[in-house]
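# Geometric and topological summary
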Protein chains: 2
Amino acid sequence: MAQDTPVQPRPHRVTAADVAHQAGVSRSAVSRAFTPGAYLHQDKREHILKVAAELGYRPNALAAVLQGKGRSHLVAIVTGSLENFYDSEILSRLVQQLIAQGKWPVVLGGDDVPEADVMAVLGFPLDAMIVRGGSVPDEVVDHCAKLQIPMIVSGRILDHPGIDSVCCESEQGAALAVQALVEKGRRRIAYLGGQADLSSERERRAGFLSAMAAAGLAPVALTTGNYSYDGGLESTRSLLEQHPEIDGLFCANDAMALGALAVATGEMKRRVPETLSIIGFDDIALARWPSFGLTTIRNDIEETVSQMMRLLARRLDTPSAPAELVRIRPEFVPRLTH
Amino acid sequence: MAQDTPVQPRPHRVTAADVAHQAGVSRSAVSRAFTPGAYLHQDKREHILKVAAELGYRPNALAAVLQGKGRSHLVAIVTGSLENFYDSEILSRLVQQLIAQGKWPVVLGGDDVPEADVMAVLGFPLDAMIVRGGSVPDEVVDHCAKLQIPMIVSGRILDHPGIDSVCCESEQGAALAVQALVEKGRRRIAYLGGQADLSSERERRAGFLSAMAAAGLAPVALTTGNYSYDGGLESTRSLLEQHPEIDGLFCANDAMALGALAVATGEMKRRVPETLSIIGFDDIALARWPSFGLTTIRNDIEETVSQMMRLLARRLDTPSAPAELVRIRPEFVPRLTH
DNA sequence: CTGAAAGCGCTTACAG
DNA sequence: CTGAAAGCGCTTACAG
């Protein structure tokens, strides 16, 4: 098989025609050999499969998709930063469940996914697109929706007729946190939030503010830590320097809460929970680690992912179904930091 | 545009022919309008692009791949469990860099990727397949190689002519750890490893054993924690119960070391590093957190990923290039736990 | 049960 | 500069 032509830029992939030729049958027969229900004499099928195996043939999935009226089984996932544990845990489950359903996840991720990339992936006849959190601007999402590609959005709410979403009842979650703080006798409470343009942040903050008001309390401070550990670390440092009287801190996600906990108990020599309560949001795996024992508001990951999968299946089944919004009910998880 | 036929299983995707019809030009012209260098009257191109935008048309990437002699730009990534931070950090960078290079990562992941899934993804005319760690049995990898699909493997070494790999010089890394322990006066040293069938585990263990021997020491114990935090937790608990004399612990990855640290300083009331030194391996982001300050052996993630990308580019460029094995040089990172 | 033919949506020589 | 035609690799009626 050695060639004396110059480097082959792309090695020839063996094709149904090659197998047909080698096995002395028609291309239709080869195709049938790989199609479970198809009529084909048993001996013939075995022979074809054998030849195919020798040649290392497998049907080109792209050609199959193109030809049939079927689906591509390609599902794009646009995720937020994988360095933030919550998104990473979601992605992990999502990938596994999609694969288990026979779908192929094409992942675009990292902090800000360039709009051009999101548009470009739409070049594929995707079965669907899954968008996590605030990774993509609303306009892009809207635009995608016009392209008739089913979209499942999580972590934000988008009011578009064809877009399904699953989202935590964040306001209520924030209220649970405030309530827990107040019950422990905390009165000088601060809020550490994420990026102001994310709907999760807006809801958590709004929930915090109204629960505080309801408790007759004014927040000592409102600050932001970009939803990251390092952000939590830095913001909490200046927060506690400027307002040493703070005795309760609600963080809009666990990553920041863990950062807050580290500075508070480390550098700032605060005793948690004796003189300072810290409550996070999400309940990532790290929150359960004995090193932390972070008290938090659970934003159930399992449940979120299985709802996304359910919405996906439903949408694929009934493309014209009305948009569905699933609300995940938050839950207070007491541990050691409050 | 409303139809009174029953539910359309898959909404018609607008096609070049639709645009051609609507714009009153040939299908070739439509194609040219989307091909940067192609000859096409400027006015005509603009008109076509305008009509295309109205109709929400974009060329079907699958058809384009099928037709041309070009590449698909699809790259499969088979990753280990995303719950283990090291793989998750690698994946994150890999995805971003692939996208930046115009490749589309199709991700299969989770603990054990079913062999059938790995084989199935090969139905796509992939540009390449990237395999992380021990996520796939050697036989499958070998088989894939026969299919002429370029493979880049990281975290294990596979002796196959066409497979490139990048791998940490683990034996040397383990030796660095032992050396650091010995220099601190530790003499009763134990080893906490990962799954015995992974080549990284074999190398780290071998490196540990020979460095111990070189220092004239016999290991107090050799145990395993499955490379996970929880595994580290449990194994260390019984390790310290059975061998309270241990004064140095080398863990084959950071996740286990963090688990070890938690039990040791928590439940077991050991003082780290005063009476017990703990050293990890990898240097994941968590190791740098002030809450931990884990002393570890850096298995440079940035470097690993950029080498994988370099090998990929090289292989795509020269499919017949000889297999290359890149060794990443480990580095001792002293922090607070030794 | 089986093969020749049409067609999926595109791009790219080929001939104006 | 432009269109008609061929062909990428497949699957699926269609006619034996």
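Residues numbered from 1 in each chain as written. Chains lettered and ligands numbered in written order. Predicted model: local features only at pLDDT ≥ 70, side-chain atom pairs only at ≥ 80, totals over all residues. Heavy atoms only, no water.

For chain A, an unreviewed UniProt entry supplies the name LacI family DNA-binding transcriptional regulator and the organism Roseibium aestuarii.

Moving on, we come to the environment of S320(B). As for its placement among the helices and strands, S320(B) is situated in the loop between α12 (301-317) and β11 (325-328). The spacing of S320(B) and S92(B) is 228 residues in sequence and 29 Å in space, taken between C-alpha atoms. (Helix = DSSP H or I, 4+ residues; strand = E, 2+ residues; numbered from the N terminus.)

Let us look at the protein's contact with DNA strand D. Around DNA strand D, 23 residues are found, and the nearest of them are T15(A), A16(A), R27(A), S31(A) and R32(B). Here, DNA strand D places atoms within 4 Å of the protein, and 63% of those atoms are sugar or phosphate. Side-chain polar atom of T15(A) to a phosphate oxygen of DNA strand D: 2.6 Å apart, as the coordinates give it. One of the backbone nitrogen or oxygen atoms of H41(B) is found 2.7 Å away from a phosphate oxygen of DNA strand D. Ranked by the residues each element gives to the surface near DNA strand D, the list is headed by helix α2 (residues 27-33) of chain A, at 4 residues. For the surface near DNA strand D, a count of residues per class yields 9 nonpolar, 9 polar and 5 charged. (Near = heavy atom within 4 Å. Polar contact = N/O pair within 3.5 Å; in protein donor to acceptor, adjacent residues only side chain to side chain. Nonpolar A, V, L, I, M, F, W, Y, C, P; charged D, E, K, R; others polar.)

Take the sheet that holds strand β12 (residues 331-333) of chain B next. Residues and elements named next belong to chain B. Pairing is mixed across the open sheet formed by 6 strands, whose spatial order is β7-β6-β8-β9-β10-β12. The open sheet is flanked by β7 (221-224) and β12, the only strands paired with a single partner. For this sheet the average axis-to-axis angle between neighbouring strands, irrespective of direction, equals 20°. Across 4 bridges, strand β9 (residues 277-282) lies against strand β10 (residues 295-298) in parallel orientation. In the strand pairing of β10, D282 is matched with R298. Each of β6 (189-193), β7, β8 (248-251) and β9 is contacted by helix α9 (residues 199-214), which is oriented at about 170° to β6, the strand it contacts most. (Pairing = 2+ DSSP bridges. Axes fitted to C-alpha atoms, helices over the stretch in contact; angles between N-to-C directions. Contact = heavy atoms within 4.5 Å.)

What follows concerns the pairing of strand β2 (residues 104-108) of chain B. Residues and elements named next belong to chain B. Burial within β2 is extensive, with 5 of its 5 residues counted as buried. Here β2 shows no split at all, with W104, V106 and L108 on one side and P105 and V107 on the other all buried. One crossover worth recording links strand β1 (residues 74-78) to the parallel β2 by way of helix α5 (residues 85-100), and it is right-handed. (Buried < 20%, exposed > 50% of the residue type's maximum accessible area, 1.4 Å probe, protein only. Right-handed = clockwise from strand over helix to strand, strands pointing away.)

Once turned by 180° and shifted 0.0 Å along the axis, chain B lies on chain A with an RMSD of 0.0 Å. Here the symmetry operator amounts to a two-fold rotation axis. No C-alpha of chain B approaches the rotation axis more nearly than that of V106(B), which lies at 2.2 Å. A symmetric contact is evident, with 98% of the interface residues of chain B recurring at the interface of chain A. (Least-squares fit on C-alpha atoms with pLDDT ≥ 70 in both.)

The full set close to DNA strand C counts 23 residues, and R32(A), T15(B), A16(B), R27(B) and S31(B) are the nearest of them. Taking the atoms of DNA strand C that fall within 4 Å of the protein, sugar and phosphate contribute 63% of them. K44(A) places a polar side-chain atom, nitrogen or oxygen, 3.4 Å from a phosphate oxygen of DNA strand C. Residue S31(B) places a side-chain N or O atom 2.5 Å away from a phosphate oxygen belonging to DNA strand C. At the level of elements, α2 and α4 (61-67) of chain A together with α2 (27-33) and α4 (61-67) of chain B are the ones that each hand at least two residues to the surface near DNA strand C. In terms of residue count, α2(B) provides more of the surface near DNA strand C than any other element does, 4 residues in total. Looking at the surface near DNA strand C residue by residue, the class counts come to 9 nonpolar, 9 polar and 5 charged.

The next thing to look at is the packing of α5(B) against α12(B). All names here are of chain B. Following both chains from N to C, one finds α5 and α12 inclined at 45°, their axes separated by 10 Å at the closest point. Our classification of the angle between α5 and α12 gives oblique. Note on packing geometry: the crossing formed by α5 with α12 is right-handed. For the pair α5 and α12, the contacting residues are Y86, E89, I90, R93, L94, Q97 and L98 in the first and I301, E302, T304, V305, M308, M309 and L312 in the second. (Parallel < 35°, antiparallel > 145°, perpendicular 65-115°, else oblique. Left-handed = near helix turned anticlockwise from the far one by under 90°.)

What the rule picks out here adds up to 0 disulfides over all chains. There is no disulfide at C168(A), and the cysteine sulfur nearest it, in C167(A), is 7.1 Å away. Classification of C168(A) by relative accessible area gives buried; the value is 4%. Not engaged in a disulfide, the cysteine C251(B) finds its nearest cysteine sulfur in C168(B); these two sulfurs lie 16 Å apart. (Disulfide = S-S within 2.5 Å.)

Another point: the interface of chain B and chain A. Contacts between chain B and chain A engage 60 residues on the former and 59 residues on the latter. Both faces considered, chain B and chain A share a buried interface measuring about 5300 Å² in area, 67% of it formed by carbon and sulfur atoms. At the junction of chain B and chain A, the tally comes to 0 salt bridges. Linking chain B to chain A there are 14 residue pairs in polar contact (both at pLDDT 80 or more). Secondary-structure elements contributing two or more residues to the side of chain B that touches chain A are α4, α5, β2, α6 (115-121), α10 (229-242) and α11 (254-265) of chain B. At 8 residues, α5(B) tops the list of elements feeding residues into the side of chain B that touches chain A. Across the side of chain B that touches chain A, the residue classes break down as 37 nonpolar, 14 polar and 9 charged. (Buried area = accessible area lost by both parts, 1.4 Å probe. Salt bridge = Lys/Arg side-chain N within 4 Å of Asp/Glu carboxyl O.)

On to the domain arrangement of chain A. All names here are of chain A. For chain A, the assigned domains read domain 1 (16-59), domain 2 (74-169 + 301-328) and domain 3 (170-298). Placing a centre on the C-alpha atoms of domain 2 and another on those of domain 3 gives a separation of 28 Å. In this assembly, 11 residues from domain 2 lie in contact with 16 residues from domain 3. Buried surface at the junction of domain 2 and domain 3, both sides included, amounts to about 1000 Å², of which 54% is carbon and sulfur. Seen at the junction of domain 2 and domain 3, the total is 1 salt bridge. With a shortest N-O distance of 3.4 Å, R327 and E203 are connected by a salt bridge. Our enumeration of links across domain 2 and domain 3 arrives at 6 residue pairs in polar contact (both at pLDDT 80 or more). The element that contributes the greatest number of residues to the side of domain 2 that touches domain 3 is helix α5 (residues 85-100), accounting for 3 residues. Among the residues forming the side of domain 2 that touches domain 3, the class breakdown is 4 nonpolar, 3 polar and 4 charged. (Domains from an automatic or database assignment.)

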